[in-house]
Amino acid sequence: FNLELVYCLSPLSGEQYTSKCMPYKHKEDKDRNRVEYKQKNKKHLDIIAKEYRVKNAEKAKENTKKWREKNPDRKKEGIAKWRRENPLGWKKSHLKRKFGITLDFYNDLKSIQKGVCAICNKVCVSGRDLAVDHCHETKKVRGLLCGNCNIGIGCFSDSEILLKKAAKYIIKTK
């Protein structure tokens, strides 16, 4: 086999990388060598893929959307993997996407509440972060709650009337 090295310069990053071009006699050789090539040249292939996505943003978005529709399980696995590897990034994106707040705002609210639940004044016993409590109608953030208080309010559908009835019931049946 003839092995030909081609040196390429990345237009975006300016990094130099090599690509290997090799003629194949059999399909099995081509498939095996393709896997080996991808493993050895992952960094360079990532640069090329990134450049393509930058130059062809709309087409890349469309291709990604199609791939996700065809591969929902792999999409789910990828998200789970990213979430495990990037807990801080996940927290930031979750807060922004779900509540429209930044991590700094969350941390400020947590320090104002001294790291405890706004209702029971206890630290979350599950070891998880305090949950963001918000009005489902106005989407306004009300405060941070422990898991139990957050679930309790949710079970009462954020209804003042039901919560008052529940309080009266507890007092009456003591």
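Anything mentioned here points back to the structure above.
The present account deals with the structure reproduced in this document. (Residues numbered from 1 in each chain as written. Predicted model: local features only at pLDDT ≥ 70, side-chain atom pairs only at ≥ 80, totals over all residues. Heavy atoms only, no water.)

## Quick word on the pattern of salt bridges
Phase 1 of the analysis: Taken as a whole and assessed by the stated rule, the structure comprises five salt bridges.
Phase 2 of the analysis: The salt bridge partner of Asp 133 is Arg 142, with a shortest N-O separation of 2.9 Å.
Phase 3 of the analysis: Arg 142 sits in the partly exposed class, given a relative accessible area of 43%.
Phase 4 of the analysis: The network of salt bridges with common partners includes Lys 91, Lys 110 and Asp 129. (Salt bridge = Lys/Arg side-chain N within 4 Å of Asp/Glu carboxyl O. Buried < 20%, exposed > 50% of the residue type's maximum accessible area, 1.4 Å probe, protein only.)

## Quick look at the nonpolar core
Phase 1 of the analysis: Of all hydrophobic cores here, the largest spans 16 residues; its most connected members are Leu 95, Ile 101, Tyr 106 and Val 132.
Phase 2 of the analysis: At the level of elements, helix H5 (87-99), helix H6 (103-112), strand E4 (141-145) and helix H7 (147-155) are the ones that each hand at least two residues to this core.
Phase 3 of the analysis: Excluding anything up to four places from it in sequence, Tyr 106 contacts Lys 91, Leu 95, Ile 101, Asp 129, Leu 130, Val 132 and Leu 144. (Core = buried A, V, L, I, M, F, W, Y, C linked by side-chain atoms within 4.5 Å. Helix = DSSP H or I, 4+ residues; strand = E, 2+ residues; numbered from the N terminus. Contact = heavy atoms within 4.5 Å.)

## So, a positive patch on the surface
Phase 1 of the analysis: Side chains of Arg 83, Arg 97, Lys 98 and Arg 128 sit close together on the surface and give a patch of like positive charge.
Phase 2 of the analysis: Following the sequence through the fold, Arg 97 ends up in helix H5.
Phase 3 of the analysis: When its relative accessible area of 54% is taken as the criterion, Arg 97 is described as exposed. (Patch = residues over 30% accessible without salt bridge, like charges linked within 9 Å, V, L, I, M, F, W, Y side chains within 5 Å. Areas by Shrake-Rupley, 256 points an atom, 1.4 Å probe, with all protein chains shown as cover. Lys, Arg positive; Asp, Glu negative; His and termini not counted. Charge placed at Lys NZ, Arg CZ, Asp CG, Glu CD.)

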